[in-house]
Amino acid sequence: MPGAVRILGAGAMGRLWAGYLPAGAAAFVQRPHTVPHPIDYQFCDLNGHHRRVTVADARDVTGTPEVLLVMTKAQDTQAAVAAHLPDLPPEVPVVLFQNGMGCQQAIARRWPERPVCAASTTEGAHRPDDQLTVHAGAGHTWVGAMTPTAHQQLSRVIRVLAASTRPVDCEPQILQRLWNKLIINAGINPFTALLDCPNGALPEQDYYRRHIDPLCLELHWLMEAEGLASPGPQQMRAQIETIARATANNSSSMRSDVARKRPTEIDYINGYVWRRGEELGLSLPVNRMLTEQVTALSATC
Ligand code: KPL
(Lines give C-alpha, C1' and ligand atoms only; values in the text may rest on other atoms or scores of the structure.)
Protein backbone atom coordinates (compact mmCIF):
# COMPACT_ATOMS: atom_id res chain seq x y z
CA MET A 1 0.00 0.00 0.00
CA PRO A 2 1.43 3.45 -0.88
CA GLY A 3 2.61 5.32 2.19
CA ALA A 4 2.22 2.27 4.46
CA VAL A 5 5.38 3.15 6.34
CA ARG A 6 4.84 6.47 8.13
CA ILE A 7 8.06 8.19 9.15
CA LEU A 8 8.08 10.89 11.81
CA GLY A 9 11.31 12.88 11.40
CA ALA A 10 12.75 13.71 7.98
CA GLY A 11 16.39 13.99 9.15
CA ALA A 12 19.27 11.84 7.91
CA MET A 13 17.95 8.59 9.43
CA GLY A 14 14.37 9.12 8.21
CA ARG A 15 15.63 9.87 4.70
CA LEU A 16 17.96 6.86 4.78
CA TRP A 17 15.07 4.44 5.46
CA ALA A 18 12.74 6.19 3.03
CA GLY A 19 15.52 5.94 0.42
CA TYR A 20 15.83 2.16 0.79
CA LEU A 21 12.16 1.22 1.20
CA PRO A 22 10.34 0.24 -2.03
CA ALA A 23 9.30 3.29 -4.08
CA GLY A 24 6.12 4.83 -2.69
CA ALA A 25 6.13 2.73 0.51
CA ALA A 26 7.17 5.59 2.83
CA ALA A 27 5.38 8.82 3.69
CA PHE A 28 6.69 11.55 6.00
CA VAL A 29 4.48 12.75 8.83
CA GLN A 30 4.91 16.51 8.68
CA ARG A 31 4.11 19.30 11.08
CA PRO A 32 0.41 20.14 11.35
CA HIS A 33 -0.69 23.56 10.00
CA THR A 34 1.75 23.34 7.08
CA VAL A 35 0.69 22.91 3.46
CA PRO A 36 1.05 19.18 2.55
CA HIS A 37 4.04 18.70 0.23
CA PRO A 38 6.25 15.77 -0.84
CA ILE A 39 9.92 15.79 0.23
CA ASP A 40 12.42 15.46 -2.57
CA TYR A 41 16.18 14.80 -2.16
CA GLN A 42 19.28 13.20 -3.65
CA PHE A 43 20.19 9.92 -2.02
CA CYS A 44 23.76 8.61 -2.19
CA ASP A 45 23.95 4.89 -1.38
CA LEU A 46 26.89 2.91 0.03
CA ASN A 47 28.36 2.45 -3.46
CA GLY A 48 28.33 6.19 -4.08
CA HIS A 49 25.42 5.94 -6.56
CA HIS A 50 23.12 8.95 -6.53
CA ARG A 51 19.40 8.84 -7.20
CA ARG A 52 16.46 11.14 -6.63
CA VAL A 53 13.95 10.14 -3.93
CA THR A 54 10.48 11.64 -3.56
CA VAL A 55 8.54 10.86 -0.39
CA ALA A 56 4.84 11.70 -0.08
CA ASP A 57 3.35 13.75 2.73
CA ALA A 58 1.36 11.37 4.95
CA ARG A 59 -1.67 13.69 4.63
CA ASP A 60 -1.74 12.95 0.89
CA VAL A 61 -2.02 9.16 1.29
CA THR A 62 -5.04 7.14 2.34
CA GLY A 63 -5.37 3.81 4.13
CA THR A 64 -4.16 2.50 7.48
CA PRO A 65 -0.38 2.56 7.89
CA GLU A 66 1.45 -0.67 8.72
CA VAL A 67 3.92 0.98 11.07
CA LEU A 68 5.08 4.35 12.41
CA LEU A 69 8.87 4.83 12.47
CA VAL A 70 9.88 7.63 14.86
CA MET A 71 13.21 9.17 13.85
CA THR A 72 13.12 12.48 15.69
CA LYS A 73 15.83 13.70 18.08
CA ALA A 74 15.41 12.19 21.56
CA GLN A 75 14.34 15.51 23.11
CA ASP A 76 11.59 16.08 20.48
CA THR A 77 10.16 12.58 20.53
CA GLN A 78 7.49 12.64 23.25
CA ALA A 79 5.83 15.78 21.90
CA ALA A 80 6.01 14.52 18.28
CA VAL A 81 4.50 11.13 19.20
CA ALA A 82 1.80 12.74 21.36
CA ALA A 83 0.80 15.01 18.46
CA HIS A 84 0.52 12.13 15.99
CA LEU A 85 -0.91 9.26 18.05
CA PRO A 86 -4.55 10.45 17.98
CA ASP A 87 -4.45 9.91 14.17
CA LEU A 88 -2.96 6.43 14.43
CA PRO A 89 -5.18 3.34 14.88
CA PRO A 90 -4.31 1.70 18.24
CA GLU A 91 -2.99 -1.53 16.74
CA VAL A 92 -0.33 0.17 14.55
CA PRO A 93 3.15 -0.42 15.97
CA VAL A 94 5.32 2.57 16.88
CA VAL A 95 9.07 2.00 16.44
CA LEU A 96 11.42 4.36 18.30
CA PHE A 97 14.86 4.91 16.73
CA GLN A 98 16.25 7.45 19.21
CA ASN A 99 19.84 7.69 20.41
CA GLY A 100 20.43 7.28 24.11
CA MET A 101 17.94 6.18 26.69
CA GLY A 102 14.94 7.45 28.59
CA CYS A 103 12.48 8.48 25.91
CA GLN A 104 11.77 4.83 24.97
CA GLN A 105 10.80 4.06 28.58
CA ALA A 106 8.82 7.30 28.93
CA ILE A 107 6.74 6.53 25.82
CA ALA A 108 6.16 2.90 26.84
CA ARG A 109 4.99 4.13 30.28
CA ARG A 110 2.72 6.82 28.80
CA TRP A 111 1.04 4.53 26.21
CA PRO A 112 1.25 1.06 27.81
CA GLU A 113 -1.59 -0.37 25.66
CA ARG A 114 0.10 0.58 22.39
CA PRO A 115 2.52 -1.71 20.55
CA VAL A 116 5.70 0.30 21.24
CA CYS A 117 9.05 -1.06 19.97
CA ALA A 118 12.57 0.30 20.30
CA ALA A 119 15.18 0.00 17.55
CA SER A 120 18.94 0.17 17.84
CA THR A 121 20.83 0.76 14.62
CA THR A 122 24.46 1.03 13.60
CA GLU A 123 23.58 2.42 10.14
CA GLY A 124 25.40 5.71 9.54
CA ALA A 125 23.86 8.57 7.55
CA HIS A 126 24.42 12.29 7.28
CA ARG A 127 23.13 15.27 5.35
CA PRO A 128 25.96 17.47 4.06
CA ASP A 129 23.25 19.83 2.82
CA ASP A 130 19.47 20.02 2.73
CA GLN A 131 19.24 18.36 -0.69
CA LEU A 132 21.61 15.42 -0.13
CA THR A 133 21.46 12.38 2.18
CA VAL A 134 24.51 10.11 2.29
CA HIS A 135 24.52 6.54 3.55
CA ALA A 136 28.00 6.73 5.08
CA GLY A 137 28.33 3.45 6.99
CA ALA A 138 26.77 0.00 6.51
CA GLY A 139 25.17 -1.18 9.73
CA HIS A 140 22.59 -3.49 11.22
CA THR A 141 19.28 -2.78 12.95
CA TRP A 142 17.69 -4.64 15.88
CA VAL A 143 14.10 -4.18 17.03
CA GLY A 144 12.55 -5.27 20.33
CA ALA A 145 9.30 -4.87 22.25
CA MET A 146 8.88 -2.15 24.91
CA THR A 147 5.21 -2.91 25.76
CA PRO A 148 3.33 -6.23 26.05
CA THR A 149 1.26 -5.74 22.86
CA ALA A 150 4.42 -5.06 20.82
CA HIS A 151 5.48 -8.72 21.00
CA GLN A 152 2.69 -9.79 18.60
CA GLN A 153 3.65 -7.03 16.14
CA LEU A 154 7.40 -7.65 15.99
CA SER A 155 7.35 -9.97 12.98
CA ARG A 156 5.26 -7.40 11.06
CA VAL A 157 7.73 -4.62 11.94
CA ILE A 158 10.71 -6.76 10.85
CA ARG A 159 8.97 -7.66 7.56
CA VAL A 160 8.21 -4.00 6.80
CA LEU A 161 11.76 -2.82 7.61
CA ALA A 162 13.40 -5.74 5.79
CA ALA A 163 11.68 -4.62 2.55
CA SER A 164 14.40 -1.93 2.56
CA THR A 165 16.97 -4.75 1.97
CA ARG A 166 18.94 -3.42 4.98
CA PRO A 167 19.72 -6.12 7.59
CA VAL A 168 17.13 -6.11 10.39
CA ASP A 169 16.64 -8.57 13.25
CA CYS A 170 14.35 -9.06 16.16
CA GLU A 171 16.09 -8.46 19.53
CA PRO A 172 14.59 -10.09 22.64
CA GLN A 173 17.13 -8.18 24.85
CA ILE A 174 16.52 -4.73 23.42
CA LEU A 175 17.45 -2.88 26.65
CA GLN A 176 20.82 -4.61 26.71
CA ARG A 177 21.31 -3.66 23.05
CA LEU A 178 20.35 -0.01 23.72
CA TRP A 179 22.77 0.02 26.65
CA ASN A 180 25.63 -1.25 24.45
CA LYS A 181 25.09 1.79 22.21
CA LEU A 182 24.61 4.12 25.22
CA ILE A 183 28.09 3.14 26.48
CA ILE A 184 29.63 4.18 23.16
CA ASN A 185 27.70 7.45 22.98
CA ALA A 186 28.39 8.28 26.65
CA GLY A 187 32.12 7.76 26.10
CA ILE A 188 32.49 9.57 22.75
CA ASN A 189 29.82 12.22 22.30
CA PRO A 190 30.31 14.59 25.28
CA PHE A 191 34.12 14.56 25.02
CA THR A 192 34.14 15.28 21.28
CA ALA A 193 31.67 18.13 21.84
CA LEU A 194 33.67 19.64 24.73
CA LEU A 195 37.06 19.17 23.07
CA ASP A 196 35.73 20.06 19.60
CA CYS A 197 37.58 17.17 17.97
CA PRO A 198 36.73 14.33 15.56
CA ASN A 199 36.12 10.88 17.08
CA GLY A 200 39.57 9.56 16.12
CA ALA A 201 41.43 12.27 18.06
CA LEU A 202 39.74 11.40 21.35
CA PRO A 203 41.96 8.59 22.76
CA GLU A 204 45.00 10.94 22.76
CA GLN A 205 43.30 13.87 24.55
CA ASP A 206 44.36 14.52 28.19
CA TYR A 207 40.87 15.50 29.35
CA TYR A 208 39.41 12.30 27.93
CA ARG A 209 42.21 10.16 29.42
CA ARG A 210 41.65 11.70 32.85
CA HIS A 211 37.93 10.94 32.96
CA ILE A 212 37.29 7.87 30.84
CA ASP A 213 38.07 5.20 33.47
CA PRO A 214 35.87 6.75 36.19
CA LEU A 215 33.15 7.28 33.55
CA CYS A 216 33.24 3.58 32.59
CA LEU A 217 33.14 2.58 36.26
CA GLU A 218 29.98 4.66 36.73
CA LEU A 219 28.37 3.06 33.65
CA HIS A 220 29.30 -0.36 35.03
CA TRP A 221 27.74 0.41 38.46
CA LEU A 222 24.50 1.56 36.86
CA MET A 223 24.27 -1.48 34.58
CA GLU A 224 24.74 -3.74 37.59
CA ALA A 225 22.11 -1.82 39.58
CA GLU A 226 19.71 -2.26 36.63
CA GLY A 227 20.34 -6.02 36.60
CA LEU A 228 21.94 -5.86 33.14
CA ALA A 229 25.05 -7.73 31.99
CA SER A 230 27.94 -5.25 32.10
CA PRO A 231 31.00 -5.91 29.94
CA GLY A 232 33.08 -4.39 32.81
CA PRO A 233 34.80 -0.97 32.85
CA GLN A 234 37.98 -2.01 31.01
CA GLN A 235 36.07 -3.68 28.21
CA MET A 236 33.81 -0.60 27.94
CA ARG A 237 36.83 1.66 27.45
CA ALA A 238 38.23 -0.74 24.82
CA GLN A 239 34.86 -0.72 22.96
CA ILE A 240 34.65 3.09 23.10
CA GLU A 241 38.16 3.48 21.68
CA THR A 242 37.61 0.83 18.99
CA ILE A 243 34.55 2.75 17.74
CA ALA A 244 36.31 6.12 18.07
CA ARG A 245 39.13 4.81 15.84
CA ALA A 246 36.74 3.04 13.42
CA THR A 247 34.85 6.34 12.96
CA ALA A 248 38.01 8.47 13.19
CA ASN A 249 36.98 11.16 10.69
CA ASN A 250 33.42 11.46 12.01
CA SER A 251 32.20 14.48 13.84
CA SER A 252 29.94 12.96 16.53
CA SER A 253 26.28 13.94 16.46
CA MET A 254 26.76 15.94 19.69
CA ARG A 255 29.75 17.87 18.34
CA SER A 256 27.75 18.61 15.16
CA ASP A 257 24.74 19.75 17.19
CA VAL A 258 26.91 22.15 19.20
CA ALA A 259 28.60 23.45 16.03
CA ARG A 260 25.18 24.05 14.41
CA LYS A 261 23.83 25.67 17.60
CA ARG A 262 21.16 22.98 17.95
CA PRO A 263 20.04 21.34 21.22
CA THR A 264 22.11 18.23 22.02
CA GLU A 265 20.93 14.80 23.22
CA ILE A 266 23.05 15.04 26.41
CA ASP A 267 19.98 14.58 28.67
CA TYR A 268 19.34 11.19 27.06
CA ILE A 269 22.97 10.04 27.20
CA ASN A 270 25.14 11.07 30.19
CA GLY A 271 22.21 13.00 31.70
CA TYR A 272 20.12 9.83 31.63
CA VAL A 273 22.92 7.89 33.37
CA TRP A 274 23.40 10.53 36.08
CA ARG A 275 19.65 10.94 36.82
CA ARG A 276 18.84 7.25 36.65
CA GLY A 277 21.76 6.66 39.03
CA GLU A 278 20.25 9.17 41.47
CA GLU A 279 16.89 7.36 41.33
CA LEU A 280 18.69 4.16 42.29
CA GLY A 281 20.73 5.83 45.08
CA LEU A 282 24.01 5.96 43.11
CA SER A 283 26.19 9.05 42.88
CA LEU A 284 27.67 9.27 39.34
CA PRO A 285 29.69 12.53 39.37
CA VAL A 286 31.53 12.18 36.04
CA ASN A 287 28.27 11.73 34.12
CA ARG A 288 26.85 14.68 36.03
CA MET A 289 29.89 16.86 35.26
CA LEU A 290 29.81 16.01 31.53
CA THR A 291 26.06 16.70 31.40
CA GLU A 292 26.49 20.07 33.06
CA GLN A 293 29.46 21.05 30.89
CA VAL A 294 27.76 20.11 27.60
CA THR A 295 24.57 21.88 28.73
CA ALA A 296 26.60 25.01 29.54
CA LEU A 297 28.42 24.75 26.20
CA SER A 298 25.21 24.57 24.16
CA ALA A 299 23.69 27.42 26.21
CA THR A 300 26.61 29.71 25.32
CA CYS A 301 26.67 29.02 21.57
O1 KPL B 1 26.67 7.35 17.27
C2 KPL B 1 27.57 8.14 17.20
C3 KPL B 1 27.20 9.59 17.25
O4 KPL B 1 27.94 10.42 16.75
O5 KPL B 1 26.11 9.87 17.78
C6 KPL B 1 29.01 7.68 17.13
C7 KPL B 1 29.06 6.18 17.26
C8 KPL B 1 29.81 8.31 18.23
C9 KPL B 1 29.62 7.95 15.78
O10 KPL B 1 29.92 9.29 15.56
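Preceding this section is the structure that the text describes.
Parameters at a glance
Sequence positions are assigned chain by chain, starting from 1 and proceeding in written order. In view of the model being predicted, local features appear only for residues whose pLDDT reaches at least 70, and side-chain atom pairs are presented and counted only at 80 or more, with totals across whole chains, interfaces and linings using the full set of residues. Side-chain numbers come from the whole structure's heavy atoms, not from hydrogens or water. Labels follow the DSSP assignment, with helices taken as runs of H or I lasting at least four residues and strands as runs of E lasting at least two, numbered in each case from the N terminus. Exposure classes here rest on a 1.4 Å probe applied to the protein chains alone. A residue is buried below 20% of its type maximum, exposed above 50%, and partly exposed in between. Residue contacts are defined here by distance: any two heavy atoms, one from each residue, within 4.5 Å place the two residues in contact. Accessible surface area values rest on a Shrake-Rupley calculation with a 1.4 Å probe, where residue burial reflects the displayed protein chains alone. In summary, the charge assignment counts Lys and Arg as positive and Asp and Glu as negative, without counting His or the chain termini. By convention, the charge on Lys lies at NZ, on Arg at CZ, on Asp at CG and on Glu at CD. Pairing between strands is defined by DSSP: at least two bridges between them are needed. Here an axis means a line fitted to C-alpha atoms, over the contact stretch when the element is a helix, while the angle between two N-to-C directions is reported on a 0 to 180 degree scale. Cavities and pockets are defined on a 1 Å grid built over the protein atoms alone: a cavity is a set of grid points where a 1.4 Å probe fits but cannot escape, while a pocket is an open set with protein on both sides within 12 Å along at least five of seven lines, and lining residues are those with an atom within 4 Å of any such point. Grid points are joined across faces, edges and corners, and a volume is the space filled by probe spheres set on the points. Gly is put with the polar residues, along with every residue not named as nonpolar or charged; the nonpolar set is Ala, Val, Leu, Ile, Met, Phe, Trp, Tyr, Cys and Pro, and the charged set is Asp, Glu, Lys and Arg. What counts as a salt bridge is simple: a side-chain nitrogen of Lys or Arg found within 4 Å of a carboxyl oxygen of Asp or Glu. Near is defined per residue: the residue qualifies when any heavy atom it owns lies within 4 Å of the molecule or strand. Whenever two N or O atoms come within 3.5 Å, that pair is a polar contact, provided that in protein one can donate a hydrogen and the other can accept it, and provided that, for residues adjacent in sequence, both atoms are side-chain atoms. Here is the rule for angles: anything less than 35 degrees is roughly parallel, anything more than 145 is roughly antiparallel, 65 through 115 is roughly perpendicular, and the remaining ranges are oblique. By convention the crossing between two helices is left-handed if the near helix lies anticlockwise of the far one by an angle smaller than a right angle, and right-handed if it lies clockwise.

Caption draft 1: The arrangement of the overall build of the protein in detail. Tallying secondary structure elements over the protein gives 10 helices and 11 strands in all. A principal-axis box enclosing the C-alpha atoms of the protein has dimensions of 55 × 40 × 35 Å. Among the 301 residues that make up the protein, the fraction classed as buried is 51%. Nonlocal contacts in the protein, meaning residues at least 24 apart in sequence, comprise 68% of its contacts between residues at least 6 apart. For the protein, the exposed surface amounts to about 13400 Å²; the carbon and sulfur share of it is 53%. Positive and negative side-chain charges of the protein, numbering 27 and 28 respectively, have mean locations separated by a distance of 3 Å.

Caption draft 2: Focus on the sheet that holds strand β5 (residues 67-70). Read across the open sheet, the 11 strands follow the order β8-β9-β3-β4-β2-β1-β5-β6-β7-β10-β11; overall the sheet is mixed. Looking along the sheet, the strands with just one partner apiece sit at the ends: β8 (124-129) and β11 (168-170). Strand-to-strand, the axes of this sheet are offset by a mean angle of 30 degrees, without reference to chain direction. One ladder, built from five bridges, connects strand β7 (residues 116-121) with strand β10 (residues 141-145); its direction is antiparallel. Residue A119 lies in a different strand from β10, and its bridge partner there is V143.

Caption draft 3: Representation of helix α9 (residues 270-279). Along α9, the residues that are buried comprise N270, G271, Y272, V273, W274 and G277. Structurally, α9 contributes buried residues whose contacts are with α3 (103-110), α5 (174-195), α6 (206-225) and α10 (285-300). G281 sits one or two positions beyond α9 and adopts a positive phi of about 80 degrees.

Caption draft 4: Broad picture of the layout of surface pockets. Approximately 380 Å³ is the volume attributed to the second largest pocket. Lining the second largest pocket are 20 residues, and of these M101, G102, Q105, R109 and Y272 sit closest to its centre. Top contributing element to the lining of the second largest pocket by residue count: α9, with five residues. Within the lining of the second largest pocket, the residues separate by chemical class into nine nonpolar, five polar and six charged.

Caption draft 5: Quick peek at the side chain of R15. Mapped onto the elements of the fold, R15 is located in helix α1 (residues 12-20). Comment: no salt bridge for buried R15; closest opposite-charge side chain is D130, at 4.7 Å. Filtering out sequence-adjacent residues up to four positions away, R15 remains in contact with A10, F28, I39, Y41, F43, R127, D130 and T133.

Caption draft 6: Expanded view of the site of the ligand. Neighbouring residues of the ligand: N99, N185, I188, N189, N199, I243, N250, S252 and S253. Within the contact set of the ligand, an oxygen atom lies 3.3 Å away from a side-chain nitrogen or oxygen of N250. About the coverage of the ligand: the protein hides 84% of its 280 Å² of free accessible area. A per-element tally of the shell around the ligand places α5 first, with three residues. A breakdown of the residues in the shell around the ligand according to their chemical character gives two nonpolar, seven polar and no charged.

Caption draft 7: Quick peek at the packing of α5 against helix α7 (residues 233-246). For the pair α5 and α7, the least separation of the axes is 9 Å and the interaxial angle reads 70 degrees. By the criterion of interaxial angle, the relationship of α5 to α7 is roughly perpendicular. Between α5 and α7 lies a crossing of right-handed hand. When α5 is examined against α7, the residues I183, I184, G187 and I188 are found in contact with a partner set consisting of M236, Q239, I240, I243 and A244. In the contact of α5 with α7, the residues fall into seven nonpolar, two polar and no charged.

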